[in-house]
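So you can see what is in the structure, the chains are spelled out below.
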Amino acid sequence: MEANSEEEIADAVLWAKERGLPLFVLGGGSNLLVRDSGFAGLVLKIGVMGVEACGRNLFDVGAGESWDRFVEMMMYMGMAGVECLAGIPGSVGGTPVQNVGAYGQEVAETIESVRAFDRETFEWVDLDKAACRFRYRESLFNTDEPGRYIVTRVRFRLRANGQPNLRYADLQRRFAGRGDVTLMEVATAVREIRRSKGMLLVEGDADCRSAGSFFKNPIVATERLAGVAAAIGVEQSKVPHWPAGEGKIKIPAAWLLEQAGFVKGYGEGPARISTRHTLALTNRGGATFADVERLQDEIVRGVRERFGITLEREPVLVG
Ligand SMILES: Cc1cc2nc3c(=O)[nH]c(=O)nc-3n(C[C@H](O)[C@H](O)[C@H](O)COP(=O)(O)OP(=O)(O)OC[C@H]3O[C@@H](n4cnc5c(N)ncnc54)[C@H](O)[C@@H]3O)c2cc1C
């Protein structure tokens, strides 16, 4: 069922409840891994549209809008805050769910509030940023209260004429020595980098038939660094990592995969690692859930045996 208004969403939830059917909320479907047996219940696609300016630098956006189109609109309007998130597929309503992020930016940085339907109380709620409890790829919506809220609108606070974010090393290199970089240039550069890695949806590109990054970058206690380095016989300084809060570090999952032998193009069946991005598990044609799961399990096992770290899947499992 597709719901294009808040009334239709409330009706659909009630309809499923009365029939005892499980309900799955679908955005753009870009972050899903669906079992071969499918989903026995109501799949509710959120089609609430509209982009409204609602105050100084504030935009109220329907959950069903395309995220990338919204980013493009903001770039034309000279609004800073989402330029590094250009080219991420999916809907606006999907972005707060896993606090999407890329190239040194996270959507939580610009979210002011989220309007949602609470499936427990059957009430509409406006959740401010603190209530959304955003963390790295986590939020109230996918971790603390998974499935409880249906996002219908997201309010963003951007910066008129703001400077683009150039925290990411690839972007710094590309624009080195230039003080006048525009938002549009950064968004275009991000799209180009994504395209070169098969992380932009491009018709006919086999490497982009994925759900984006398949594994999250693991966050571990700082003391674990020594063990990771010892596992491959290198000095600690050779292990890429960055701080992730008190006593914790984040290690790039792609690096762990490569060190454990899961390099670009790895795999023999229809599910393989992308030839341009170590973290993307791709469907080379006709891959089933079982094929993807087999590859996932092999990688998780291999990385755990090598480093004692258990990787977590990023895409949502349906069914
Ligand atoms: C090629 C490619 C590149 C990607 N690159 C990135 C990246 O750089 N960074 C990143 O963070 N992600 C990335 N992703 C993952 C994906 O694009 C994002 O997670 C996106 O925000 C998912 O949105 P969606 O609308 O497609 O959600 P879906 O895939 O439809 O759903 C994902 C989850 O969100 C829930 N959901 C969706 N809409 C709503 C709603 N309105 N209310 C409540 N729950 C909802 C669903 O129930 C499900 O649990 C990439 C994916 C692909 C295919």
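In what follows, the structure referred to is the one given above.
Residues numbered from 1 in each chain as written. Predicted model: local features only at pLDDT ≥ 70, side-chain atom pairs only at ≥ 80, totals over all residues. Heavy atoms only, no water.

1. Some words on the packing of aromatic side chains
- Per the stated rule, a full pass over the model turns up eleven aromatic pairs.
- Measuring from centroid to centroid gives 6.1 Å for phenylalanine 141 and tyrosine 149, while their planes differ by 90 degrees, and the two rings are edge-to-face. In this structure, phenylalanine 141 and tyrosine 149 share a single accessibility class: buried.
- Positioned above the aromatic ring of tyrosine 136 is the side chain of lysine 250, whose terminal nitrogen or guanidinium carbon lies 3.6 Å from the ring centre. (Phe/Tyr/Trp six-rings, centres within 6.5 Å; stacked < 30°, edge-to-face > 60°. Buried < 20%, exposed > 50% of the residue type's maximum accessible area, 1.4 Å probe, protein only. Lys NZ or Arg CZ within 6 Å of the ring centre and 35° of its normal.)

2. Describing the environment of glutamate 298
- Along the chain, glutamate 298 turns up in helix α9 (residues 289-307).
- On the basis of relative accessible area, glutamate 298 is assigned to the partly exposed category, the value being 29%.
- The residues contacting glutamate 298, other than those within four sequence positions of it, are Phe262 and Tyr266. (Helix = DSSP H or I, 4+ residues; strand = E, 2+ residues; numbered from the N terminus. Contact = heavy atoms within 4.5 Å.)

3. Focus: the site of the ligand
- Around the ligand sit 35 residues in total, of which Val25, Gly28, Ser30, Ser91 and Arg194 are the nearest.
- Arginine 194 has a polar side-chain atom sitting 2.6 Å from a nitrogen atom of the ligand.
- A total of 970 Å² of accessible area belongs to the ligand in isolation, and the protein chains cover 94% of it.
- Elements with a minimum of two residues in the shell around the ligand: β2 (23-26), β8 (101-102) and β12 (149-157).
- The residue inventory of the shell around the ligand, partitioned by class, reads 18 nonpolar, 14 polar and three charged. (Near = heavy atom within 4 Å. Polar contact = N/O pair within 3.5 Å; in protein donor to acceptor, adjacent residues only side chain to side chain. Areas by Shrake-Rupley, 256 points an atom, 1.4 Å probe, with all protein chains shown as cover. Nonpolar A, V, L, I, M, F, W, Y, C, P; charged D, E, K, R; others polar.)

4. Focus on the sheet that holds strand β16 (residues 248-250)
- Spatially, β14-β16-β15 is the arrangement adopted by the three strands of the open sheet, whose pairing is antiparallel. The open sheet has two edge strands with one neighbour each: β14 (219-221) and β15 (242-243).
- Sheet topology note: the β15/β16 ladder contains two bridges and is antiparallel. Counted as the bridge partner of tryptophan 242 is lysine 250 from β16. (Pairing = 2+ DSSP bridges.)

5. Points about α9
- For α9, with 19 residues, the first-to-last C-alpha span of 27 Å sits near the 27 Å given by 1.5 Å per residue.
- Where α9 is concerned, the buried positions are Phe289, Asp291, Val292, Leu295, Gln296, Ile299, Val300, Gly302, Val303 and Phe307.
- Buried residues in α9 make contact with β3 (32-34), α7 (224-231), α8 (253-259), β17 (271-273), β18 (281-283) and β19 (316-318).
- Remark: glycine 308 follows α9 within two positions and exhibits a positive phi of approximately 70 degrees. (Expected span 1.5 Å × (residues − 1).)

6. A closer look at the sheet that holds strand β10 (residues 111-118)
- Across the sheet, five strands lie side by side as β5-β6-β12-β10-β11; this open sheet has antiparallel pairing. In this open sheet, the two strands that pair with only one neighbour each are β5 (51-53) and β11 (123-128). Shown here is a sheet whose adjacent strand axes are inclined to one another by a mean of 20 degrees, direction ignored.
- Pairing geometry for β10 and β12, over seven bridges, is antiparallel. (Axes fitted to C-alpha atoms, helices over the stretch in contact; angles between N-to-C directions.)

7. Considering a negative patch on the surface
- Together, Glu2, Glu7, Glu8 and Asp11 give the surface a local cluster of negative charge.
- The element contributing the most residues to the negative patch is helix α1 (residues 6-18), with three residues.
- Residue placement: glutamate 7 occurs in helix α1.
- Residue glutamate 7 is classed as exposed on the basis of its relative accessible area, which comes to 54%. (Patch = residues over 30% accessible without salt bridge, like charges linked within 9 Å, V, L, I, M, F, W, Y side chains within 5 Å. Salt bridge = Lys/Arg side-chain N within 4 Å of Asp/Glu carboxyl O. Lys, Arg positive; Asp, Glu negative; His and termini not counted. Charge placed at Lys NZ, Arg CZ, Asp CG, Glu CD.)

8. Overview of the side chain of arginine 194
- Relative to the assigned elements, arginine 194 resides in helix α6 (residues 183-196).
- As a buried residue without a salt bridge, arginine 194 has its nearest oppositely charged side chain in aspartate 68, at a separation of 7.6 Å.
- In this structure, arginine 194 is in contact with Ala86, Gly87, Ile88, Ala102, Tyr103, Met199 and Leu200, ignoring residues within four places of it in sequence.

9. A look at the environment of arginine 301
- If you trace the backbone, arginine 301 turns up in helix α9.
- Separated by 115 residues in sequence, arginine 301 and valine 186 have C-alpha atoms that sit 38 Å apart.

These results come straight from atomic positions and should not be treated as a statement about function.
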